[in-house]
Amino acid sequence: MEEKVMIFDTTLRDGEQVPGCQLNTVEKLQIARALEELGVDVIEAGFPISSPGDFNSVIEISKVVSEPVICALTRAVKKDIEVAAEALQYAKRKRIHTGIGTSPFHIKNKIRTTPEEILRRAADAVKYARKFVEDVEFYAEDAGRSENEFLARVIEAVINAGATVVNIPDTTGYCLPEEYGAKIRYLKENVPNIDRAVISTHCHNDLGMATANTIMGVINGARQVEVTINGIGERAGNTSLEEVAMIIKSHHDLKLRTDIKSKNIFSTSRLVSTLMSMPVQPNKAIVGRNAFAHSSGIHQDGVLKDRENYEIIDPVEVGVKESSIILTARSGRAALNHRLEMLGYTPGKEELDEIYHRFLLLADKKKEINDEDIKILMGEVAQGEKSLKLDLLQVTCGKSAIPVATVGILINGEVHTATSSGNGPIDAAFSAVRQLISRTVHLEEFLIQAITRGSDDIGKVHIQIEHEEKTYYGFGTNTDIVTASVEAFIDAISKIK
Ligand code: KIV
Ligand code: ZN
């Protein structure tokens with residue numbers, strides 16, 4: 001039988017403390033609705049005493065969210081607790097989250113008091129909060145660096161005072177997974193009344209161990225995890241919701257479950273990222289752009305044979321449509337053929353060899369080959385050999401330099417070259433081309449476009465020329481726009497009958 005781990009989402013409180021990522025109430029409501037849809041158990045909606053904005057957000061979120069518990073943060077201060085209770089007045093299910101520092105650092109250097117005073121203030125805060133709500137969570141700030149014996153005394157006292165959940169934050173992200181797990185186990189084994197409360201983890205990612213620490217906490221008896229979408233939060237962030245949810249879902253051996261509807265993970269991730277203007281790093285587990293992308297030939301071949309060769313999660317499970325095969329210079333024929341088939345092409349073996357050859361030439365110049373590039377490659381292959389073909393192009397240009405171009409064209413199997421200057425590299429190259437052809441042509445239209453984006457992108461050139469009152473069209477593509485332009489020009493000329 002699987003035991004449930006409760007998901008306490010603090011994207012709107014600890015997550016929102018990221019500099020420059022503050023949200024207005026409307027945006028917070030959008031996220032709160034998405035979190036409810038996602039299936040979180042608790043939404044920490046804000047720290048009401050901290051600002052009128054936070055106070056209002058807690059009020060408004062309380063009005064629209066019906067399933068999850070709405071939680072408001074306070075310090076162990078009466079006024080904070082009163083304001084939190086007021087902000088939670090409309091919540092169907094409400095919780096006050098109060099607490100105080102318990103580490104020697106915090107006691108001595110931040111709060112500047114004694115351990116005995118901390119014990120008293122912790123218990124008093126919980127007792128006071130219980131006057132307003134039934135559900136009170138206590139946090140022992142900097143528990144990660146607190147002495148286990150003292151921490152156990154505080155936890156026992158706050159449970160006696162009425163705490164329903166006890167939160168053991170690794171506030172500075174210092175603990176090793178073993179150490180954090182042992183801390184939770186110590187509390188389980190040494191706090192006499194621990195069965196009357198749920199133990200919660202709250203890990204920060206300063207050393208990149210937030211998820212590992214959270215999982216060790218759960219393995220050792222915690223049944224609530226405090227997490228944020230995309231792992232956002234103070235400094236290096238909090239534990240990320242999607243990682244913990246998918247670890248619990250994937251590892252049946254843990255015999256645990258959450259109520260997260262995993263198919264909503266990706267859309268929620270993107271909503272938070274967009275509203276907070278906080279891009280998700282491409283290699284972020286579960287929700288990064290590359291989390292289900294395969295780029296090496298060996299992996300692509302393996303994934304095409306059976307996705308599970310290189311994927312432990314089906315991307316559909318987290319709301320990503322499908323795994324992606326990124327076509328690069330390291331891709332093999334199998335991956336290229338797969339993409340061609342997806343685009344509706346069914347090349348025979350010889351044609352595939354030819355396309356693959358052109359594909360590699362392009363991939364050497366451009367990091368990633370997209371569907372547009374492939375369509376262009378297919379167009380080139382379909383056209384076959386041309387009577388005129390660019391063989392050589394060399395240009396000199398730049399600030400204070402006179403643009404000069406040397407062009408070599410293969411005309412009926414023989415290379416002819418010419419050199420010319422112009423008012424820019426394209427003008428110089430076109431002038432050299434004109435020297436090599438025996439026809440008078442007028443350039444009527446010339447259009448350069450980048451196909452997608454980025455300085456490494458392919459440039460696409462459309463040209464319209466006129467010869468003896470007839471119009472001819474030319475088309476060229478290359479990562480080098482001068483080459484693309486000359487190819488388009490030659491393409492148009494070669495169509496003159
Ligand atoms: O990291 C921390 O200790 C916190 C508490 C306020 C719960 O965010
Ligand atoms: Zn925190």
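Residues numbered from 1 in each chain as written. Chains lettered and ligands numbered in written order. Predicted model: local features only at pLDDT ≥ 70, side-chain atom pairs only at ≥ 80, totals over all residues. Heavy atoms only, no water.

A. Structural detail: the overall build of the protein. Helix and strand counts for the protein come out as 16 helices and 18 strands. For 497 residues, the compact-globule estimate of 2.2 N^0.38 gives 23 Å, and the protein exceeds it by more than 25% at 32 Å. A buried classification covers 51% of the 497 residues belonging to the protein. Summarising the internal contacts of the protein: among those between residues at least 6 apart in sequence, 64% fall at separations of at least 24. Counting every atom, the protein has about 23400 Å² of accessible surface; 50% of that belongs to carbon and sulfur. (Helix = DSSP H or I, 4+ residues; strand = E, 2+ residues; numbered from the N terminus. Rg over C-alpha atoms; globule rule 2.2 N^0.38 Å. Buried < 20%, exposed > 50% of the residue type's maximum accessible area, 1.4 Å probe, protein only. Contact = heavy atoms within 4.5 Å. Areas by Shrake-Rupley, 256 points an atom, 1.4 Å probe, with all protein chains shown as cover.)

B. Representation of the site of ligand 1. For ligand 1, the full set of nearby residues is R13, D14, H97, Y139, E141, N167, P169, T171, H202 and H204. Between ligand 1 and the protein, one listed contact pairs an oxygen atom with a side-chain N or O atom of D14 at 3.1 Å. Here an oxygen atom of ligand 1 sits 3.1 Å away from a polar atom, N or O, in the side chain of H202. Within the complex, 92% of the 260 Å² of free accessible area of ligand 1 lies under protein. Residues of the shell around ligand 1, tallied by class, amount to two nonpolar, five polar and three charged. (Near = heavy atom within 4 Å. Polar contact = N/O pair within 3.5 Å; in protein donor to acceptor, adjacent residues only side chain to side chain. Nonpolar A, V, L, I, M, F, W, Y, C, P; charged D, E, K, R; others polar.)

C. Geometry of the domain arrangement of the protein. Examined at the domain level, the protein breaks down into domain 1 (3-275), domain 2 (293-382) and domain 3 (386-494). Here the C-alpha centroids of domain 1 and domain 3 sit 64 Å apart. (Domains from an automatic or database assignment.)

D. Seen up close, the sheet that holds strand β13 (residues 388-396). With respect to topology, three strands assemble into an open sheet ordered β13-β14-β15, the strand pairing being antiparallel. Lying at the two open borders of the sheet, with one neighbouring strand each, are β13 and β15 (414-421). On average, each strand axis in the sheet is inclined to that of its neighbour by 15 degrees, with strand direction left out of account. By the bridge criterion, eight bridges tie β13 to strand β14 (residues 404-411) in an arrangement that is antiparallel. Note on β14: the bridge partner recorded for V395 is A405. Sitting on the sheet, helix α15 (residues 425-436) is in contact with β13, β14 and β15, with an inclination near 135 degrees to β15. Across the sheet, helix α16 (residues 481-494) touches β13 and β14, and the angle it forms with β13 is around 145 degrees. (Pairing = 2+ DSSP bridges. Axes fitted to C-alpha atoms, helices over the stretch in contact; angles between N-to-C directions.)

E. Inspection of the pattern of salt bridges at higher detail. Applying the stated criterion to the full structure yields 27 salt bridges. With a closest N to O distance of 3.4 Å, K63 and E60 form a salt bridge. A residue pair is termed a helical-turn pair when its members lie 3 or 4 positions apart in one helix, as K63 and E60 do in helix α2 (residues 52-64) at three residues. A salt bridge links R307 to E311, with the nearest nitrogen and oxygen atoms 3.1 Å apart. For E311, a relative accessible area of 5% gives the class buried. Connected via shared salt-bridge partners are K4, D41, R257 and D259. (Salt bridge = Lys/Arg side-chain N within 4 Å of Asp/Glu carboxyl O.)

F. Just the packing of aromatic side chains, in detail. Summed over the entire model, instances satisfying the criterion amount to four aromatic pairs. Where Y356 meets F359, the ring centres are 5.9 Å apart and the plane angle is 20 degrees; that geometry is what we call stacked. A residue pair is termed a helical-turn pair when its members lie 3 or 4 positions apart in one helix, as Y356 and F359 do in helix α13 (residues 349-365) at three residues. Assigned by exposure class, Y356 and F359 land together as buried. With 5.8 Å between their ring centres and 75 degrees between their planes, F430 and F446 make a pair best called edge-to-face. Note that F430 is positioned in helix α15 and F446 in strand β16 (residues 442-450), a separation of 16 residues in sequence. By relative accessible area, F430 is classed as buried at 4%. Take F446: its relative accessible area is 33%, and that puts it in the partly exposed class. The structure contains a cluster of three or more aromatic residues connected by ring pairs, namely F430, F446 and F489. One cation-aromatic arrangement involves R145 over F105; the distance from NZ or CZ to the ring centre is 4.0 Å. (Phe/Tyr/Trp six-rings, centres within 6.5 Å; stacked < 30°, edge-to-face > 60°. Lys NZ or Arg CZ within 6 Å of the ring centre and 35° of its normal.)

G. Up close: α15. Under the 1.5 Å per step criterion, the end-to-end length of α15 is 17 Å for 12 residues, consistent within 8% with the ideal 16 Å. All of the buried residues in α15 are I426, A428, A429, F430, A432, V433 and L436. The elements touched by buried residues of α15 are β13, β14, β15, β16, β17 (459-467) and α16. (Expected span 1.5 Å × (residues − 1).)

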